[in-house]
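Chain residues, written in single-letter form:
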Amino acid sequence: MNAQFLRGKRAIVTGSNSGIGLGIAEALAGAGAEVVINSFTDSAEDHALAARLAESHGVAVRYIQADMSRPDQCRGLVEQAGGCDILVNNAGIQHVARIEEFPAEKWDAIIAINLSSAFHTSAAALAGMYAKGWGRVINIASAHGLTASPYKSAYVAAKHGVVGLSKTTALEAAGKGVTCNAICPGYVLTPIVEKQIPDQMKTHNMDRETVIREVMLSRQPSGEFATTGQVGGTAVFLCSDAADQITGTTISVDGGWTAM
Ligand code: NAD
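Residues numbered from 1 in each chain as written. Predicted model: local features only at pLDDT ≥ 70, side-chain atom pairs only at ≥ 80, totals over all residues. Heavy atoms only, no water.

K.L.:
Break down the site of the ligand for me, citing the residues and quoting the values.
P.N.:
Near the ligand there are 31 residues, and of these Asn17, Ser39, Tyr155, Val188 and Thr190 occur at the shortest range. Backbone polar atom of Gly15 to an oxygen atom of the ligand: 3.1 Å apart, as the coordinates give it. Backbone polar atom of Ile20 to an oxygen atom of the ligand: 2.7 Å apart, as the coordinates give it. Burial of the ligand by the surrounding chains reaches 94%, relative to a free accessible area of 820 Å². It is helix 6 (residues 191–204) that provides the largest number of residues to the shell around the ligand, a total of 3 residues. When residues of the shell around the ligand are assigned to domains, at least three map to each of domain 1 (10–188 + 226–259) and domain 2 (189–225). (Near = heavy atom within 4 Å. Polar contact = N/O pair within 3.5 Å; in protein donor to acceptor, adjacent residues only side chain to side chain. Areas by Shrake-Rupley, 256 points an atom, 1.4 Å probe, with all protein chains shown as cover. Helix = DSSP H or I, 4+ residues; strand = E, 2+ residues; numbered from the N terminus. Domains from an automatic or database assignment.)

Set out below in C-alpha cells:
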C-alpha cells in the first residue's frame, strides 16, 4: 500500500478534536487525505489543532464547528466541507445509570449524537460519493454495538443502531464503489472513558484501579486498552483497495472482548 494512497481524497471525521476521532484524523492525514475535523466547540485550540495536523502531515486540514446533536448542523457540516470521499461518524457521548434513574434528556442526547448524526451526515454525503463512484463510510460503533453492559442503556441501544445503519447503508451503496462498515472498539483510554470512571466507582463501590481492572478491562481478555492509533489504522485499512469488498460488516478492535 502506497503510504500516501489517500492523496486527493477528502475525509470528514465527526467529533475529532480529541480521543479516537483525533487518532483517526491523524491516521487519515498520515495517509495523505485532506481532513476536516469537527466538534461542537469553536475555540482557538480547535483551529490550532487543525493547523498542527496540517503542518505535521503536509495536507490541508480544516476545523468546522457543528453540533452533531442537531440534524441541520450534521448536514451543514458535509455541505460546508464541500462533500467528502471518506465519512467517519465518530462523535459520541456516554452516560452511566440504571434505567430507572436514567435522565430522559441524556437518553435523547445519546441517541441524537451517537446514532442519528450518522444518518444525517450519510444522507448528505452519499450522493457525492455515488457520483464519483468511490467512497467510504466508517461508523464508529463499539463492542457495545455487539454486546451489552448494565447501566448503559442509551449507549448500547445507539451503538446497536449504528451497526444496523451501517448494514443498510452498505446494501444501498453496493455496486456503486462505496462501502460502509462499523469499527467496534473495546475500551480505549480517552476522555469519554476517563469521565465514566467516577460513575463506575460510585455504582460498583470500588476505587479507580479496581474499576479499571475488574470492571472495564475484565471484559477485554488482552488486559490492555486499545489505542486511538490502532483504531485510526483500522480506518485507513478500510479505505484501501484491499477493503473494496469489505462492506456491511463490523471490525472489532477489542482485545478479544466479543470472542467471549
Ligand atoms: P472523546 O470524548 O474523547 O471524544 C468524543 C468526541 O465527540 C469529542 O471530540 C467531542 O468533542 C465530540 N462530541 C461530543 N459531542 C458532540 C456534539 N454534540 N457534536 C460534535 N462533536 C461532539 O471520546 P472517544 O473515546 O474518543 O469516543 C469517540 C467515539 O468512539 C464515540 O462514538 C465512542 O462511543 C466510541 N467508542 C469509544 C470507546 C472508548 O473506549 N473510548 C470504545 C468504543 C467506542
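Following the structure, the description resumes.
K.L.:
Would you mind going over the packing of aromatic side chains in detail, with residue names and values included?
P.N.:
Counting across every chain of the model gives 1 aromatic pair. Directly above the aromatic system of Trp134 lies the positively charged group of Lys9, at a separation of 4.1 Å from the ring centroid. Above the plane of the ring of Tyr130 lies Lys176, whose end atom (NZ or CZ) is 4.9 Å from the centre. (Phe/Tyr/Trp six-rings, centres within 6.5 Å; stacked < 30°, edge-to-face > 60°. Lys NZ or Arg CZ within 6 Å of the ring centre and 35° of its normal.)

K.L.:
Tell me about the pairing of strand 2 (residues 34–39), and name the residues and values.
P.N.:
Taken across its 6 residues, strand 2 has 5 buried, putting it largely inside the fold. By the bridge criterion, 4 bridges tie strand 1 (residues 10–13) to strand 2 in an arrangement that is parallel. Among the inter-strand pairings, Arg10 is bridged to a residue of strand 2, identified as Glu34. Taking the sense of rotation as the criterion, the β-α-β connection linking strand 1, helix 1 (residues 19–30) and strand 2 turns out right-handed. Examined bridge by bridge, strand 2 and strand 3 (residues 61–65) share 5 bridges and lie parallel to one another. By the bridge assignment, Ser39 is partnered in strand 3 with Gln65. Taken together, strand 2, helix 2 (residues 44–57) and strand 3 constitute a β-α-β crossover, and its handedness is right-handed. (Buried < 20%, exposed > 50% of the residue type's maximum accessible area, 1.4 Å probe, protein only. Pairing = 2+ DSSP bridges. Right-handed = clockwise from strand over helix to strand, strands pointing away.)

K.L.:
An account of the side chain of Ser149 is requested, with residue identities and associated values reported.
P.N.:
Its location among the elements puts Ser149 in the loop between strand 5 (135–140) and helix 5 (153–173). Here Ser149 falls in the buried class, since its relative accessible area comes to 16%. For Ser149, the side chain forms a polar contact with the side chain of His144, separated by 2.6 Å. Setting aside its immediate chain neighbours within four residues, Ser149 contacts His144, Val156 and Arg219. (Contact = heavy atoms within 4.5 Å.)

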